[in-house]
Amino acid sequence: MQSVLVRAGEKISFDETLIVLETGKVALDIPSPQMGTIVEVRVQEGDLIDEGELIALVEVV
């Protein structure tokens, strides 16, 4: 399970948390690898996410 912290149109900075993945034992922040604007969020709150899955598209500044 995860919490989505960004939405399309939002400006983000490098290393800003995009989603928080949660298990029964740990919560893991997934940061942005780039600074820019969120173009599209590809996951929704509660979706199961596989390793390597695209979670958002970012227009890099």
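What comes next concerns the included structure. Position numbers for residues count from 1 along each chain, tracking the sequence in the order it is written. Residues qualify for local features only when their pLDDT is at least 70, as the model is predicted, and side-chain atom pairs are given and counted only at 80 or more; totals for whole chains, interfaces and linings, by contrast, use all residues. Heavy atoms throughout the structure, all of them, feed into the side-chain values; hydrogens and water do not.

1. Thoughts on the pairing of strand S4 (residues 27–31)
- With 5 bridges connecting them, strand S3 (residues 17–22) and S4 associate as antiparallel partners. Paired with Glu22 across the bridge in S4 is Ala27.
- Between the antiparallel neighbours S3 and S4 lie 4 residues. Strands were regarded as paired on the criterion that DSSP finds at least two bridges between them. Secondary structure elements follow DSSP: runs of H or I no shorter than four residues count as helices, runs of E no shorter than two count as strands, and numbering proceeds from the N terminus.

2. Quick word on the sheet that holds S3
- Ordered by their spatial adjacency, 3 strands build an open sheet running S1-S3-S4, and the pairing between neighbours is antiparallel. With partners counted over all chains shown, the strands left at the sheet margins are strand S1 (2–4) and S4, one partner each. Neighbour to neighbour, the strand axes of the sheet diverge by 20° on average, direction disregarded. Orientation is described by axes fitted as lines to C-alpha atoms, over the contacting stretch for helices, and by angles from 0 to 180 degrees between their N-to-C directions.

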